[in-house]
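The residues making up each chain are set out below.
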There are 4 protein chains.
Amino acid sequence: MSLNSFGHLFRVTTWGESHGPALGATVDGCPPGVPIDPAMIQHWLDRRKPGQNKFTTQRREPDEVKILSGVFEGQTTGTPVQLMIENTDQRSKDYGDIAEKFRPGHADITYWQKYGIRDYRGGGRSSARETAARVAAGGLAREAIKALAPDVQITGYMVQMGPHRIDRDRFDWDQIEQNPFWTPDAQAAEQWADYLGELRKSGNSVGAVIEVVARGVPAGLGAPIYGKLDTDLAAAMMSINAVKGVEIGEGMAAAELTGEANADEIFMGNDGKPVYSSNHAGGILGGISTGQDVVVRFAVKPTSSILKPRQTITKSGEAAEIITKGRHDPCVGIRAVPVGEAMMACVILDHLLLHRGQIGVNRGQIG
Amino acid sequence: MSLNSFGHLFRVTTWGESHGPALGATVDGCPPGVPIDPAMIQHWLDRRKPGQNKFTTQRREPDEVKILSGVFEGQTTGTPVQLMIENTDQRSKDYGDIAEKFRPGHADITYWQKYGIRDYRGGGRSSARETAARVAAGGLAREAIKALAPDVQITGYMVQMGPHRIDRDRFDWDQIEQNPFWTPDAQAAEQWADYLGELRKSGNSVGAVIEVVARGVPAGLGAPIYGKLDTDLAAAMMSINAVKGVEIGEGMAAAELTGEANADEIFMGNDGKPVYSSNHAGGILGGISTGQDVVVRFAVKPTSSILKPRQTITKSGEAAEIITKGRHDPCVGIRAVPVGEAMMACVILDHLLLHRGQIGVNRGQIG
Amino acid sequence: MSLNSFGHLFRVTTWGESHGPALGATVDGCPPGVPIDPAMIQHWLDRRKPGQNKFTTQRREPDEVKILSGVFEGQTTGTPVQLMIENTDQRSKDYGDIAEKFRPGHADITYWQKYGIRDYRGGGRSSARETAARVAAGGLAREAIKALAPDVQITGYMVQMGPHRIDRDRFDWDQIEQNPFWTPDAQAAEQWADYLGELRKSGNSVGAVIEVVARGVPAGLGAPIYGKLDTDLAAAMMSINAVKGVEIGEGMAAAELTGEANADEIFMGNDGKPVYSSNHAGGILGGISTGQDVVVRFAVKPTSSILKPRQTITKSGEAAEIITKGRHDPCVGIRAVPVGEAMMACVILDHLLLHRGQIGVNRGQIG
Amino acid sequence: MSLNSFGHLFRVTTWGESHGPALGATVDGCPPGVPIDPAMIQHWLDRRKPGQNKFTTQRREPDEVKILSGVFEGQTTGTPVQLMIENTDQRSKDYGDIAEKFRPGHADITYWQKYGIRDYRGGGRSSARETAARVAAGGLAREAIKALAPDVQITGYMVQMGPHRIDRDRFDWDQIEQNPFWTPDAQAAEQWADYLGELRKSGNSVGAVIEVVARGVPAGLGAPIYGKLDTDLAAAMMSINAVKGVEIGEGMAAAELTGEANADEIFMGNDGKPVYSSNHAGGILGGISTGQDVVVRFAVKPTSSILKPRQTITKSGEAAEIITKGRHDPCVGIRAVPVGEAMMACVILDHLLLHRGQIGVNRGQIG
């Protein structure tokens, strides 16, 4: 049991603090023989990288990943892959304020209460910088998926910022890469740019909802009862910094449906595979993939580091006011998009591998 | 790795099918010396038991739990506790229809696709009957919590049925045990009774939202990064049959808040412990409990077994129509309340134990 | 993490005490579609059953296994298999003596020191009766191996009793089932019968060495570095009651060899598979099976329950003398033979399943 | 589940290959607040370092450990500790021979058969160089033990080289650090120096037996049934490269004893703790520590890389002869001493932490 690890067979352990010498992911269980192009792993990291546009923190980190083990002559060997990212932008500064005062909404106070010691520099281990390691691991997972199940395609995008949701009728896959919010709704992107610009100027921040879809996932993935595909996805997404809610398919709105409305009716497709009249289930029934799109959404709370003064206490228990200066994202949800994709990739690969160890003497056929 | 198990140190493995001879929970890691009153464990099972009122299935199961191991002279011994529930109401009937046709919204088709064999009787392993084992394990967890952290109180209740939400201004803890929906809003209970009665008559069903609160949880529980208290709660709740969404504190609505509105400000309480101006965080920061109420909500989809005819296919791939007769709950959310409580109890106990193995040389003090 | 569980994908959790109502094994990860003949599982249990001959305890337990879940219409379904054995011969007697005094060589004192409570009746959880659950699980594993890798044959036998070793020149597979010691050396069996008869009469006991061989294991099983096939076998055997040493291939004697003598030279066999000049390695190199026989040995200490008076202390710390009356095996090593076989079966099946989840895009070929 | 990890709560994952850029250990679960002196961790690594004397390989590796995370201002923070060792002596050479030919006694052939790809340079992942990471982790474990249970002392030493055993009557703790074999028998050290010198000259190698003792371990550590202290020690030692046998206390010789001879009688000590007349059990009863010395032995096979020509095959299945040139230890057992100590340290710390999470409401007292 490692509590900094996730995954069953594709097992990722992240390590490192925001302002230590390096951070990374120790990945065990990547199958051998997967062609690895380090530039592809770097590609995904670059998407998460800060300073990409005016809506993300201006901290400048090259976030260059180094592969220290597990790859030989361009292929994985089946041994652990160490993905290391050195921290370079450790701006020398006075941390006195956050060393003493607990920032509201941050893990400062709980790390202190739990451990009696904390690396306060930039949040230390609780910093969202930890997600860089996840994205590196997700990049590796994507390469393995490409080799083992090339039909699978994983895409994340933003569907809500603050109170503003996208219009599903304007959904356009091609738009996702065209705007700084990775949203499929070009009109929403424009609206959000104005909205977020205002918020940023006022020193405030806002939350968001991200949706991640995996297309081309074969039927049969998922390990009931407690390694269900949706259970693992819920844990994976909830473990991301600042996430407060996770939905599969219809999500919380499922509560409002009747059984009649919610039933995804089943038909036989032309290719001999089942097709469904709808996808309220989000591609998962009884914890096992149906072959439909696997659809997950998660809500990210607003960035806690804001320029608005908030009341707090110090380590010695005295009342204090705090303003969190520094280079912060007004909407951390934006950079959560590639993180959500990475978690999806890790979970899907994990279950592809796990499924091999679970299948039996005969396989289920329909028709 | 067991995929029918959950928990780190308090490890619960459930086993059994809906219509097999028995089902149960093998619980490892319960601390020794906990006084066990079997009647208390039975008490929680009785709450989940079918046939309690006209809004739950009329299947008659006594759901009597037998403790086969791990308890000696009225106390746990630190060895595995086997909690077995025999299935008695295995009504002899013709299963031909559901043996051949896949019920929409059920796991019939995915179990078939994954395993190539399935116990179709009553859903087999994917039946919500599996949750009886969880409730038994949760009852055991409650006894251990009582011994180790007597201030902790765990309560679940329904906050939404279909489109109808409770009014938080009418929230009354004392009402929860007074109505068949375990809702703290007496007026909602009346409204829902009418609403659900109508639905049931029409052979339809509806979803619900359940909230579970743990009060008195000490600060410091939770194991970042991937054994966070909220991560484990999300997984625990999402693993319950029919659950499609999980929220911590503000949940999905956190996306709509600004950072200023969302910040739970911190003050020093009279008892020398931190107090907070609000609880948007749901009692968890950075995956670690703050000492505030731990608040989780989950959405349960409408019962898939309905009397409305739906389109489906057979094992041999032919189109078919199906009506799921039998004794079904029009709103499975009702009986999910004690299940949610049980999962909360297991997670809290697990982290109480885990925390002991994680703490160090000195503990963190404030003030 | 369950500390009463072993195995990675074929995960066995045993539960139950010597004198409780029942004990058993909760087995998760058995692949679906395996034909199950309950009589075959019972067959292996019957071999371990007490009272088979004058050299094993006269406690009369039918040790009848009940399959409570995971099997449907004669096949495994991929869901947990619950194997329960009810305790029937719980002779009502006065346990006062062992309730107060710690028996030397038993776990009485350490369970007390660890847990502060113990089920002292017959050793409770630390009784060798727990191994019945392992043998049931091993019987299930054998059925799955039969379906997945029918060439594998697992056989255990005794190679040493007290100071008396078998003569390897007299090794005869057919003799193993012909004598009460499961030894391949008929002459040793006769000698041991006399030797053990004398020991028993004098109220004494003796240790033994058991060897377990798996023939027909394919090359490639084992998960370096910490799930090596030999690592898992060492843990599996050492976890059996009274075992004090485990050897793979040459074992402790490997220390005495030179590199030249120890090298198993490699040749190409007629069937296109590698063959080896010898098997000092015990069929495992770098933690991975070579395709040769997998050979494990373990030493079982003499039964601690003897009629010779020994010095001990009571719970209240007073000096006392103890004689352990009752029905005890003069050489527990005999009944450890089927237990060792069961552990081998579980480990081999586990690695057969695991290997599927570890293999990659291309497989290694020789030639 | 990570198969390159060991430990329950103190969880060590090693990564890296012999000739890659670096190798290391990702350590999760180290308790917070442990003072860390990097020089102390380096101290243990230096003992394992090659080139220390003429009996170990002349490969020159500084084996300098870098702590990349988990330590802040000289103390552990409770977050993962990354211990990295860069490989510097990657002598550029022609690997053509071992790239094609499988070295007998090495994992070359099995890695190939399992993975279909292998980093053949210096054995890649299967190289004993991986044990440097274990020693680093063991150094960290020692620091934590020092803080949590300062009475514990862990010492390893060689008790047999080839056919030559130490004389227990000459056992002297002070001698261990005085000779290149870490043996407590000064006379044996002299004899072995001559013996090994001869073997080395002839291009041959030999095996050894190492004993590791933990003194001052409190009673009560160990998690029956499958996380027993002896089970975990057996797995830990068997996972070390070239180990073929593991013994606890009396070990394989327990088979030769009678129950009367083997019983460690119990008395009450002057300090109110139990004392034993002997320690055949090796400090462990029923998988739980007794408070006596915990005694483990393991046999290391002779180095497989020798200058004597051996028969083998190539990747393409052709017969070949191989001589393994290079800088090899004539007795790898020597450098296995600090590795055995490191594994003992990791297991003891792990169970110290685990025990905290297992204890109950009341603790067991004697007297």
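Here, every reference points to the structure presented above.
Parameters and conventions
Chains are numbered independently. Their residues run from 1 in the order of the written sequence. As they are written, the chains are lettered A onward and the ligands numbered 1 onward, keeping that order. Local features are withheld for residues below a pLDDT of 70 in this predicted model, meaning they are given only at 70 or higher, and side-chain atom pairs are given and counted only at 80 or more; totals for whole chains, interfaces and linings count all residues. Hydrogens and waters are ignored; side-chain quantities use all the structure's heavy atoms. In this text, helices come from DSSP runs of H or I with a minimum length of four residues, and strands from runs of E with a minimum of two, each type numbered from the N-terminal end. For the exposure calls, accessible area comes from a 1.4 Å probe over protein chains only, and a residue counts as buried if that area is under 20% of its type's maximum, exposed if over 50%, partly exposed in between. Residue contacts are defined here by distance: any two heavy atoms, one from each residue, within 4.5 Å place the two residues in contact. Buried area is understood as the total, over both parts, of accessible area removed when two parts are fitted together, assessed with a 1.4 Å probe. A pairing counts as a salt bridge when a side-chain nitrogen of Lys or Arg comes within 4 Å of a carboxyl oxygen of Asp or Glu. Our superposition of the copies is a least-squares fit, built on the C-alpha atoms of residues whose pLDDT is at least 70 in both. A pair of strands counts as paired when DSSP detects no fewer than two bridges linking them. Every helix has an expected span of 1.5 Å times one less than the residues it contains. As used in this structure description, the phrase polar contact means that two N or O atoms lie within 3.5 Å; if the pair is within protein, one of them must be able to donate a hydrogen and the other to accept it, and residues adjacent in sequence are counted only when both atoms belong to side chains. Charged residues are taken to be Asp, Glu, Lys and Arg, nonpolar residues to be Ala, Val, Leu, Ile, Met, Phe, Trp, Tyr, Cys and Pro, and polar residues to be all remaining types, Gly included.

K.L.:
Break down unusual backbone geometry for me, with residues and values.
P.N.:
Residue and element names in this part refer to chain A. The omega torsion across Pro224 and Ile225 is 10 degrees, close enough to zero to call that bond cis. Here Ala242, not a glycine, exhibits a phi torsion of approximately 75 degrees, which is positive. Structurally, Ala242 is set in the loop between helix H6 (229-238) and strand S11 (243-248). On the basis of relative accessible area, Ala242 is assigned to the partly exposed category, the value being 23%.

K.L.:
Quick rundown of the environment of Val347 of chain C? Include the residues and the values.
P.N.:
Residue and element names in this part refer to chain C. As for its placement among the helices and strands, Val347 is situated in helix H8 (residues 333-358). Of the residues examined, Val347 reaches a relative accessible area of 6% and is grouped as buried. Separated by 17 residues in the primary sequence, Val347 and Pro330 place their C-alpha atoms 29 Å from one another. Residues in contact with Val347, not counting those within four places in the same chain, are Leu229, Asp232, Leu233 and Ala236.

K.L.:
Let's hear about the interface of chain A and chain B: which residues, and what values?
P.N.:
The partner chain B presents 112 residues to the 112 residues of chain A that form the contact. Across the interface of chain A and chain B, roughly 8,800 Å² is buried in total on both sides, 60% from carbon and sulfur atoms. Looking only at chain A, the three residues that lose the most surface to chain B are Lys114, Tyr226 and Lys244 of chain A, adding up to 10% of its buried area. Joining chain A to chain B, the criterion identifies four salt bridges. Here Glu256 of chain B makes a salt bridge to Arg165 of chain A, at a shortest N to O gap of 3.5 Å.

K.L.:
Tell me what's going on with the relation of the copies chain A and chain B, and back it up with residues and numbers.
P.N.:
Note on the copies: chain A fits chain B at an RMSD of 0.0 Å, the axial shift is 0.0 Å, and the rotation between them is 180 degrees. Considering both components of the superposition, the chain copies are consistent with a two-fold axis. When the interface residues of chain A are mapped onto chain B, 100% of them again lie at the interface, so the same face is used by both copies.

K.L.:
Pulling in residues and values, what's your account of the relation of the copies chain C and chain D?
P.N.:
By a simple turn and slide, chain C fits onto chain D: the slide is 0.0 Å along the axis, the RMSD is 0.0 Å, and the turn is 180 degrees. The residues that chain C uses at the interface reappear at the interface of chain D in 100% of cases, marking a shared surface.

K.L.:
Tell me about the sheet that holds strand S9 (residues 164-165) of chain A, and name the residues and values.
P.N.:
One open sheet holds the 10 strands; their spatial order is S9(A)-S8(A)-S10(A)-S16(A)-S11(A)-S11(B)-S16(B)-S10(B)-S8(B)-S9(B), and the pairing between them is antiparallel. The sheet is open, and its two edges are formed by S9 of chain A together with strand S9 (164-165) of chain B, each paired on a single side. Pairing between strand S8 (residues 153-161) of chain A and strand S10 (residues 208-215) of chain A: eight bridges, direction antiparallel. What sits directly across from Gly156 of chain A, in S10 of chain A, is Val212 of chain A.

K.L.:
Account for the sheet that holds strand S7 (residues 81-86) of chain B, with residues named and values stated.
P.N.:
All names here are of chain B. Taken together, five strands build an open sheet; the order of strands is S1-S2-S3-S7-S4 and the sheet is antiparallel. Every other strand in the sheet has two partners, leaving strand S1 (5-6) and strand S4 (65-67) as the edge strands with one partner each. With two bridges connecting them, S1 and strand S2 (residues 11-16) associate as antiparallel partners. Bridge assignment links Phe6 to a residue of S2, and that residue is Val12.

K.L.:
Run through the pairing of strand S10 (residues 208-215) of chain B, naming residues and quoting values.
P.N.:
Residues and elements named next belong to chain B. The buried count for S10 comes to seven of eight residues, which makes it a mostly enclosed element. As paired elements, S10 and strand S16 (residues 294-300) share seven bridges and run antiparallel to each other. Within the sheet, the bridge partner assigned to Val213 lies in S16 and is Val295.

K.L.:
Pulling in residues and values, what's your account of helix H5 (residues 186-201) of chain D?
P.N.:
All names here are of chain D. Taking 1.5 Å of rise per residue, 16 residues should cover 22 Å, and H5 covers 23 Å from first to last C-alpha, within 8% of that figure. All of the buried residues in H5 are Ala188, Ala189, Trp192, Leu196, Gly197 and Leu199. The secondary structure elements touched by the buried residues of H5 are strand S8 (153-161), strand S9 (164-165) and helix H8 (333-358). At the N-terminal end of H5, a side-chain oxygen is found 3.0 Å from the backbone nitrogen of Gln187, two or three residues along, and the residue is Asp185.

K.L.:
Outline the pattern of salt bridges, supporting the account with residue identities and numerical values.
P.N.:
Residue and element names in this part refer to chain D. Under the counting rule described, the total for this entry stands at 81 salt bridges over all chains. Between Glu143 and Lys146 there is a salt bridge whose closest N-O contact spans 3.1 Å. Of this pair, Glu143 and Lys146 both sit in helix H4 (residues 131-148), three residues apart, roughly one helical turn. Judged by relative accessible area, which is 5%, Glu143 ranks as buried.

K.L.:
Explain the interface of chain C and chain D residue by residue, including any values.
P.N.:
Each partner contributes residues to the interface: chain C has 112 residues there, and chain D has 112 residues. Contact between chain C and chain D buries roughly 8,800 Å² in total, counting both sides, with carbon and sulfur atoms accounting for 60%. Among the residues of chain C in contact with chain D, Lys114, Tyr226 and Lys244 of chain C are the three that bury the most area, contributing 10% of the side total. At the junction of chain C and chain D, the tally comes to 49 residue pairs in polar contact (both at pLDDT 80 or more). Here the element with the most residues in the side of chain C that touches chain D is helix H3 (residues 108-115) of chain C; it accounts for seven residues. Considering only residue class, the side of chain C that touches chain D consists of 53 nonpolar, 41 polar and 18 charged.

K.L.:
Any details on the environment of Ala25 of chain D? Residues and values, ideally.
P.N.:
Residue and element names in this part refer to chain D. Inspection of the secondary structure assignment puts Ala25 in strand S3 (residues 22-28). Spatially, the C-alpha atoms of Ala25 and Ala132 are 9.0 Å apart, while their sequence positions differ by 107 residues. In this structure, Ala25 is in contact with Val12, Thr13, Thr14, Trp15, Val81, Gln82, Leu83, Ala133 and Ala137, ignoring residues within four places of it in sequence.

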